[in-house]
Amino acid sequence: MKKFIIQAFIGIAIIFVMLAGMFLYFQPKAVHARSIRSNPLKETSISDIETITIPFEQAASMYPTNQALLLVNEAHPISEDYPSNVVEYKTSGVLMNECVIEDYSSLSAAITNKFNNSLYVSSSYRSYEDQVRVLEEEGPAIAAQPGTSEHQTGLAQDVYVMYFGGGAFIKSDEGQFVNSNCYDYGYIIRYPYAMQDYTGFAYEPWHIRYVGLPHSKIIEDNSIVFDDYAELYEPNKFYEYEDYIIGRMPLDAVTVPVNFDGEVTLSEDGLGYCFVTIRKAAK
Ligand SMILES: [Zn+2]
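Since we're looking at a predicted model, the values are computed, not measured.

Things to note about the sheet that holds strand 6 (residues 120-123)
Argument step 1. In spatial order, the strands read 6-7-9-8; together these 4 strands make up an open sheet with antiparallel pairing. Of all strands in the sheet, those with a lone pairing partner are strand 6 and strand 8 (187-189), marking the two edges. Within this sheet the neighbouring strands show an average axis-to-axis angle of 45°, counted without direction.

Comments concerning the sheet that holds strand 11 (residues 244-250)
Argument step 1. Read from one edge to the other, the open sheet built from 6 strands follows the order 1-10-11-14-13-3, with strand pairing classed as mixed. What marks the edges here is a single partner per strand, and that holds for strand 1 (42-44) and strand 3 (65-66).
Argument step 2. Pairing analysis gives 2 bridges linking strand 3 to strand 13 (residues 262-268), with the strands arranged parallel. When the bridges of strand 13 are listed, Thr65 appears paired with Leu266.

Topic: the nonpolar core
Argument step 1. Cys182, Tyr187, Ile188 and Val276 are the most contacted members of the largest nonpolar core, which has 54 residues in total.
Argument step 2. Listing elements by their share of this core, those giving two or more residues are helix 3 (101-115), strand 7 (156-160), strand 8, strand 9 (207-210), helix 7 (215-221), strand 11, strand 12 (254-257) and strand 14 (273-280).
Argument step 3. Among the elements that take part in this core, strand 14 stands out by supplying 5 residues, more than any other.
Argument step 4. Each of domain 1 (41-69 + 231-283) and domain 2 (74-210) gives at least three residues to this core.
Argument step 5. Once you skip the residues sitting within four places of it in the chain, Ile188 turns out to touch Cys182, Tyr183, Arg209, Val211, Ser216, Ile219, Glu220 and Phe226.

Here's the deal with unusual backbone geometry
Argument step 1. Residues Leu213 and Pro214 are joined by a peptide bond in cis, for which omega reads 0°.
Argument step 2. For Pro214, the position within the fold is in the loop between strand 9 and helix 7.
Argument step 3. A positive phi is found at Asn116, a non-glycine position, where the angle reads about 50°.
Argument step 4. With 7 C-beta atoms packed within 10 Å, Asn116 lands in the exposed category.

Focus: the confidence of the model for the protein chain
Argument step 1. Looking at the protein chain as a whole, its pLDDT mean stands at 90, while 87% of the residues score no less than 70.
Argument step 2. Every residue in residues 26-33 scores below 50 in pLDDT, and together they form 9 contacts with partners more than four places removed in sequence or on other chains.

Describing helix 3
Argument step 1. In this model helix 3 runs 21 Å from its N-terminal to its C-terminal C-alpha over 15 residues, within 8% of the 21 Å that 1.5 Å per residue would give.
Argument step 2. Every buried residue of helix 3 is listed here: Tyr104, Leu107 and Ile111. When helix 3 is viewed along its axis, its buried side chains cluster within an angular range of 60° and face the same direction. Exposed and facing more than 90 degrees away from the buried side of helix 3 are Glu102, Ser106, Ala109, Thr112 and Asn113.
Argument step 3. Those residues of helix 3 that are buried lie in contact with strand 5 (95-97), strand 7, helix 5 (173-181) and strand 8.
Argument step 4. Downstream of helix 3 by one or two residues, Asn116 has phi in the positive range, about 50°.

Here is what the cut-offs are and how they apply
Residues numbered from 1 in each chain as written. Predicted model: local features only at pLDDT ≥ 70, side-chain atom pairs only at ≥ 80, totals over all residues. Pairing = 2+ DSSP bridges. Helix = DSSP H or I, 4+ residues; strand = E, 2+ residues; numbered from the N terminus. Axes fitted to C-alpha atoms, helices over the stretch in contact; angles between N-to-C directions. Core = buried A, V, L, I, M, F, W, Y, C linked by C-beta atoms within 7 Å. Buried ≥ 20, exposed ≤ 12 C-beta atoms within 10 Å, placed from the backbone. Domains from an automatic or database assignment. Contact = placed C-beta atoms within 7 Å. pLDDT = per-residue confidence, 0-100. Expected span 1.5 Å × (residues − 1). Arc of directions from axis to C-beta.

This is the structure:
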């Protein structure tokens, strides 16, 4: 009798575990829930700066543009022929978005200086056609759908050091350094460990995504995911962060400084707006 009770108990326990497992498995994943706790940016007036409000094309003839803040994810795919501005990194044969070259070089140099080791890139720019092939080879559980991979922009680099590739990258000192300090080099860990529910991706310690300074630091300081970054900015307003002023403007009416002593960069976000990143000149 006692044996029967134990068996019945084990049977019930197994059924319970199975039911719990099924329940968890079929739960919809909370992809892209809001992760912004409070807006860390301070709204600022730029009334002391002379400005002009013009269409994006006209502003782009006045100031340099880059693609650093383009959002690419499942909800915001890019077209097959998106004009990714890629160039060869040094003479490596590796193609990267032009805007990452300088900062990637600094990050790579930091690894060499600190660890006497080399940072390698296993994958950087992948064309739409490359992604079609990767999807066929690796399957949809691993590979992104064509048009939804950041690699198509050349803004993402998959990095490793010898003997520590993929998930093992974080087990190396170099991987720890990259994951903790890439923000100082304009990069973010695009799919962080603690943010899997928000990005919809498992942790990828090797996939670094360039967004440029100071955007990488704002994202890091406030523990948000890039998918939600644009929501920090109310269009047509300016915000202060360290010695930068940042605004997010609709493409048909972009407010930019004129006769201004400092750097201005324009970056379309793919959502119908462009970021105006202003760096005040050092006094
Ligand atoms: Zn990647």
